[in-house]
Amino acid sequence: MNPIVLIPARMASSRLPGKPLALIDGLPMIVQVVRRAEEAAVGPIHVATDCEEIAQVAREAGANVSLTSPDHPSGSDRIHEALMRIDPERRHDIVVNLQGDLPLLSRSAVHAILEPFDDPAVDITTLASVITDPSETTNPNIVKAVASPITENRLRALYFTRATAPSGEGPLYHHVGLYGYRRAALERFVSLPPSPLEKRERLEQLRALEAGMRIDVRLIDDVPFGVDTPADLEKARRLAAARRKD
């Protein structure tokens, strides 16, 4: 494999405007995410953004930047445009889509996203963690991965939903929205129109499943902390400060 890591970032956030530039432990969030990707060291890293302010901050931190169209409906479309510009020679066959609001992401999570690609039948990879907090089971903001076990820590995705699923005894899985794509799978994915279940659940990964693409899920121990609200930002600042002291 020859992976590339792409980090989509945009300023427009209804719950936390200017999120990529919010300071966490003295660094803008987008720079924190770049540093986590550097720690994982799985391939070259590029920030894909439609905002010159984000681009300038990322460049000043030493990151590679690709400016993209502001009209993309999703991060997947944004990273696809960036990939076409960065790598027209098609040297990179695996694309890691690393969300720009995960400033505390562990290197092990980035490594885990690549593991299922040892099976050539896998088109897309993602992560999940066993739900241990009962309140998450009925929370529609927590996406659940419905998947069939392949090994102890790997599943084949059958569905993703905001509902409590599946029913009956057994674990429920909190989906973590990081993705790895085979290059051909990403190209196919962005060429497809939004699918019926994708629009119903508001989950774009369902487009891939409805098109017959295979998504494998690597289980990880902990859900990476994501920043969506001002309260999340304050918590991330506390966690980052505590980590630095350790």
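Residues numbered from 1 in each chain as written. Predicted model: local features only at pLDDT ≥ 70, side-chain atom pairs only at ≥ 80, totals over all residues. Heavy atoms only, no water.

Peer 1: Tell me what's going on with the nonpolar core, and back it up with residues and numbers.
Peer 2: Of all hydrophobic cores here, the largest spans 34 residues; its most connected members are Val-5, Ile-7, Ile-30, Val-47, Leu-98, Leu-127 and Leu-178. Sorting the residues of this core by element identifies strand E1 (3–9), helix H1 (29–40), strand E4 (45–49), helix H2 (52–60), strand E6 (94–97), helix H4 (107–114) and strand E10 (173–182) as the ones contributing at least two each. Tallying contributions element by element places H1 first for this core, with 6 residues. Dropping the residues within four chain positions of it, Ile-30 is found in contact with Ile-7, Ala-9, Pro-20, Leu-21, Val-47, Ile-54 and Val-57. Among the nonpolar cores identified, the runner-up in size contains 31 residues, and Ala-48, Ala-128, Leu-203 and Ile-215 belong to it. (Core = buried A, V, L, I, M, F, W, Y, C linked by side-chain atoms within 4.5 Å. Buried < 20%, exposed > 50% of the residue type's maximum accessible area, 1.4 Å probe, protein only. Helix = DSSP H or I, 4+ residues; strand = E, 2+ residues; numbered from the N terminus. Contact = heavy atoms within 4.5 Å.)

Peer 1: Summarise the environment of Ala-145; cite the residues concerned and give the values.
Peer 2: Here Ala-145 lies in strand E8 (residues 144–151). Sequence-wise, Ala-145 and Ala-211 are 66 residues apart; in three dimensions their C-alpha atoms are separated by 17 Å. With near-sequence residues (within four places) excluded, Ala-145 lies in contact with Ala-128, Tyr-159, Phe-160, Tyr-173 and His-175.

Peer 1: Describe the packing of aromatic side chains, naming the residues involved and giving the relevant values.
Peer 2: In this structure the tally under the stated criterion is 2 aromatic pairs. Measuring from ring centre to ring centre gives 6.1 Å for Tyr-179 and Tyr-181, while their planes differ by 35 degrees; the resulting arrangement is tilted. Classification of Tyr-179 as buried rests on a relative accessible area of 8%. With a relative accessible area of 3%, Tyr-181 lands in the buried category. Seen in terms of ring centroids, Tyr-181 and Phe-189 are 6.2 Å apart; in terms of plane orientation they differ by 45 degrees. Their pairing is tilted. (Phe/Tyr/Trp six-rings, centres within 6.5 Å; stacked < 30°, edge-to-face > 60°.)

Peer 1: Can you break down the environment of Leu-219 residue by residue, with the values?
Peer 2: Along the polypeptide, Leu-219 turns up in strand E11 (residues 215–219). In this structure, the C-alpha to C-alpha distance between Leu-219 and Val-130, residues 89 residues apart in sequence, is 7.7 Å. Every residue in contact with Leu-219, bar those within four places of it in the chain, is listed here: Ala-128, Glu-152, Asn-153, Leu-155 and Tyr-173.

Peer 1: Describe the pattern of salt bridges, with residues and values.
Peer 2: By the definition in use, this model includes 19 salt bridges. Between Arg-78 and Asp-50 there is a salt bridge; the shortest N-O distance is 3.8 Å. Placement of the pair is Arg-78 in helix H3 (residues 75–86) and Asp-50 in the loop between E4 and H2, with a sequence separation of 28 residues. With a closest N to O distance of 2.7 Å, Glu-187 and Arg-90 form a salt bridge. Here Glu-187, found in helix H5 (residues 183–191), pairs with Arg-90, found in the loop between H3 and E6; they are 97 residues apart in sequence, far enough to count as distant. (Salt bridge = Lys/Arg side-chain N within 4 Å of Asp/Glu carboxyl O.)

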